[in-house]
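What follows is each chain in one-letter form.
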There are 2 protein chains.
Amino acid sequence: MDSAQVQRVRSFSRLVAQRIGALEESYLQRGRPLGEARLIFEIGLDGADLRALRDRLGLDSGYLSRLLNSLTAHGLVEVGRDASDGRLRRAVLTPNGRVELGAYGRLSDALAASMLEPLDSRQRERLVGAMAEVERFLRAGRVELSFETPASDDARQCLDAYFREIATRFEAGFDPAQDRTPSDGELTPPKGWFVVARLEGEPVGCGALKRVDDATGEIKRVWTAPSARGLGVARRVLHKLEGAARDAGLITLRLDTNKALTEAHALYRKEGYREVERFSHNPYAHHWFEKRL
Amino acid sequence: MDSAQVQRVRSFSRLVAQRIGALEESYLQRGRPLGEARLIFEIGLDGADLRALRDRLGLDSGYLSRLLNSLTAHGLVEVGRDASDGRLRRAVLTPNGRVELGAYGRLSDALAASMLEPLDSRQRERLVGAMAEVERFLRAGRVELSFETPASDDARQCLDAYFREIATRFEAGFDPAQDRTPSDGELTPPKGWFVVARLEGEPVGCGALKRVDDATGEIKRVWTAPSARGLGVARRVLHKLEGAARDAGLITLRLDTNKALTEAHALYRKEGYREVERFSHNPYAHHWFEKRL
DNA sequence: GCCATTCTCTGACTAAAGTCAGAGAATGGA
DNA sequence: TCCATTCTCTGACTTTAGTCAGAGAATGGC
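Rules of the game
Residues numbered from 1 in each chain as written. Chains lettered and ligands numbered in written order. Predicted model: local features only at pLDDT ≥ 70, side-chain atom pairs only at ≥ 80, totals over all residues. Heavy atoms only, no water. Helix = DSSP H or I, 4+ residues; strand = E, 2+ residues; numbered from the N terminus. Buried < 20%, exposed > 50% of the residue type's maximum accessible area, 1.4 Å probe, protein only. Contact = heavy atoms within 4.5 Å. Areas by Shrake-Rupley, 256 points an atom, 1.4 Å probe, with all protein chains shown as cover. Lys, Arg positive; Asp, Glu negative; His and termini not counted. Charge placed at Lys NZ, Arg CZ, Asp CG, Glu CD. Pairing = 2+ DSSP bridges. Axes fitted to C-alpha atoms, helices over the stretch in contact; angles between N-to-C directions. Domains from an automatic or database assignment. Near = heavy atom within 4 Å. Polar contact = N/O pair within 3.5 Å; in protein donor to acceptor, adjacent residues only side chain to side chain. Nonpolar A, V, L, I, M, F, W, Y, C, P; charged D, E, K, R; others polar. Buried area = accessible area lost by both parts, 1.4 Å probe. Salt bridge = Lys/Arg side-chain N within 4 Å of Asp/Glu carboxyl O. Core = buried A, V, L, I, M, F, W, Y, C linked by side-chain atoms within 4.5 Å.

(A) Representation of the overall build of chain A within the structure. Across its full length, chain A carries 9 helices and 10 strands. Each principal axis of the C-alpha atoms in chain A carries an extent, and together these give about 70 × 55 × 35 Å. Expressed as a percentage of the 293 residues in chain A, the buried residues total 49%. For chain A, contacts bridging at least 24 residues in sequence account for 60% of all contacts bridging at least 6. Approximately 14,600 Å² of chain A is accessible, and the part contributed by carbon and sulfur atoms is 48%. When the 46 basic and 43 acidic side-chain charges of chain A are each reduced to a single mean position, those positions are 2 Å apart.

Structure follows, in structure tokens:
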């Protein structure tokens, strides 16, 4: 790790922490503890389950209960039973609560505006652009990968999105029946592996590895959600699958890909895959790659 | 104010606030309240006056005293009298205190590294670059301008730096004796104005306006410290002087400048100054500009 | 219908953070 | 030298934040 970079990150964090502190201080203007203000924010216009609130704010259930009692006593929140599960409870803002939420929103806006205000329009654009970039890469760092069954909800969601996407991108469209889609069993250890990438709980990518024989594996279904592209998700999925392959004693990985997926070709080349002769009769494949681990 | 930009800033702040929260939580690992940890940080290797600590952390004097008592009791800090003023007290870290400071520093490093770690080297560079840009513009927004006498310490400091700089940049060097330097009185209301720009208390730029006659003023000594360039300091100084000129009923502003100061020419042109015929016999001037307010 | 589990609430705490008034020491200028 | 001012400390608080154990209601699977 480059220590100059670490120092830059620290310097950045320090400065931004001051600004965040200013924001929270401004919230106190409304004469309510910060914990309650944060809770109003987190409940939001849509309301939220208590369980979700606890998770997102990291609160003890007793403490949350008390905070909600206080907000309820002030007429800002109502807590009711969940329709489908009587143990669950759901908090929603009353009309007065929504007014408060709006007031906090305006305080946030004011602080944001005060950062932009002294700058001219070119500087504002650059600041906002740089903030978007920081946000993007910080988010990228929060992407988490995990092995799981291709039958899981999130895996299915990724695969459906993947198939929908290639159907529009492949010149000849895509018909799953013509593609020898591996069964769930073939993508479950020890015959194969399936990786799901998640960002803040939402699935944003996937990838699979299918064992072909004792020494060979095949990479399939590497996909990244449009919202998460450019964050290196596919690269990390690939690394994770390669790690599994190594652990399983595989020596060679191969894959095939359609000519329309140019960004995939670039990724595979960069990761050390060499283009080789056709090894499959996949009607949608135009390129075949191989890598020795 | 562009509300889409405001929303981008809010979204950025929200994400970064989470990370800052993570940092502070990691400080708690060391089994010490956050207030004390922050205090250790703020005292730093050089020590600090209690007054400065109170200002920087926004603490009540009683509260600070108590925090210091606790740190002293744990052998991390020593508080002694200031040599020059017996009312003031100065806190310094003991050797153990410095060890603790180092430990907190490593926690900060670890969090910074955890942001970089999942990224590849190109992404890291972009993240760090964007952070530097955000930092730069946030700092730019904190630059504060004030009118004051050119005899003040900070004004002198700026002027000295300005003269040193032009002496190296002008082809023919610079001899103050040959330049009809306005007296302090000529740069003090109602005959003139002097603006100092400060960033976190440090002077980082200046500019002057001298009344020539009832309708005309002359801009002089517009300078920005090298550390603060690219932040629009000179532009803001100029605007401030123009505001003073308008308030004083001046109609025309003029200025002369040396051919070596190309960035100044660009600024003046952008701000609506037209190049005009020579109006002074300043031996260091090559260009003359004018603007009707 | 039974029972382990899940979810939330209450009571009884502790610790941290912050406030306020006033005392006492040191200073600086009249 | 005197006195208003500055700076810090102590005592006596309040509020906010957070923890823990246990009770009670609802659920889901058997």
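(B) The arrangement of the sheet that holds strand β8 (residues 252-257) of chain B in detail. Residue and element names in this part refer to chain B. Within the open sheet, the 7 strands sit side by side as β4-β5-β6-β7-β8-β10-β9. Their pairing is mixed. The open sheet is flanked by β4 (144-147) and β9 (274-276), the only strands paired with a single partner. Neighbouring strand axes in the sheet, compared pairwise and without regard to direction, differ in orientation by 30° on average. Summarising the sheet, strand β7 (residues 216-224) and β8 pair through 3 bridges and their orientation is parallel. Pairing of G217 across the sheet is with L253, part of β8. Along the sheet, helix α9 (residues 262-270) contacts β7, β8, β9 and β10 (287-292); its crossing angle with β10, the most-contacted strand, is approximately 20°.

(C) Here's a closer look at the domain arrangement of chain A. Along its sequence, chain A is carved into domain 1 (3-118) and domain 2 (144-292). The C-alpha centroid of domain 2 of chain A is placed 40 Å from the C-alpha centroid of domain 1 of chain A.

(D) Examining the protein's contact with DNA strand D more closely. Neighbouring residues of DNA strand D: 20 residues in total, closest Y63 and G86 of chain A together with R54, R66 and R89 of chain B. With respect to DNA strand D, the side chain of N69 of chain B contributes an N or O atom lying 2.9 Å from a phosphate oxygen. Of all the elements in the fold, those that place two or more residues in the surface near DNA strand D are α2 (34-43) and α4 (61-73) of chain A together with α3 (50-57) and α4 (61-73) of chain B. The element contributing the most residues to the surface near DNA strand D is α4 of chain B, with 5 residues. Tallied by class, the residues present in the surface near DNA strand D amount to 5 nonpolar, 6 polar and 9 charged.

(E) Looking closely at the interface of chain B and chain A. With 54 residues of chain B at the contact, the number on the chain A side is 54 residues. For the pair chain B and chain A, the two sides together bury roughly 5,400 Å², of which 64% comes from carbon and sulfur. Applying the counting rule to chain B against chain A returns 8 salt bridges. A salt bridge links R235 of chain B to D120 of chain A; the shortest N-O distance between them is 3.3 Å. Taken together, the connections running from chain B to chain A amount to 18 residue pairs in polar contact (both at pLDDT 80 or more). Elements supplying a minimum of two residues to the side of chain B that touches chain A: α1 (3-28), α2 (34-43), α5 (95-116), α6 (121-141) and α8 (233-247) of chain B. Here the side of chain B that touches chain A gets 17 residues from one element, more than from any other, and that element is α6 of chain B. Across the side of chain B that touches chain A, the residue classes break down as 25 nonpolar, 11 polar and 18 charged.

(F) Highlighting unusual backbone geometry. All names here are of chain A. The residue R221 is not glycine, and still its phi comes out positive at about 60°. Structurally, the position occupied by R221 is in strand β7 (residues 216-224). The buried category is assigned to R221, whose relative accessible area is 7%.

(G) Layout of the nonpolar core. With 175 residues, the main nonpolar core has V134, I219 and Y268 of chain A together with V134 and I219 of chain B as its most contacted residues. In contact with I219 of chain A, other than residues within four places in its own chain, are A208, L209, L238, L241, L253, R254, L255 and Y273 of chain A.

(H) How the structure looks around the protein's contact with DNA strand C. In the neighbourhood of DNA strand C, 20 residues make up the surrounding shell, with R54, R66 and R89 of chain A together with Y63 and G86 of chain B lying closest. In DNA strand C, atoms within 4 Å of the protein come 67% from sugar and phosphate. Residue S61 of chain A places a side-chain N or O atom 3.2 Å away from a base nitrogen belonging to DNA strand C. Here a phosphate oxygen of DNA strand C and a side-chain polar atom of R89 of chain A are 2.3 Å apart. For the surface near DNA strand C, the secondary-structure elements that each account for two or more residues are α3 (50-57) and α4 of chain A together with α2 and α4 of chain B. Of the residues belonging to the surface near DNA strand C, the class tally is 5 nonpolar, 6 polar and 9 charged.

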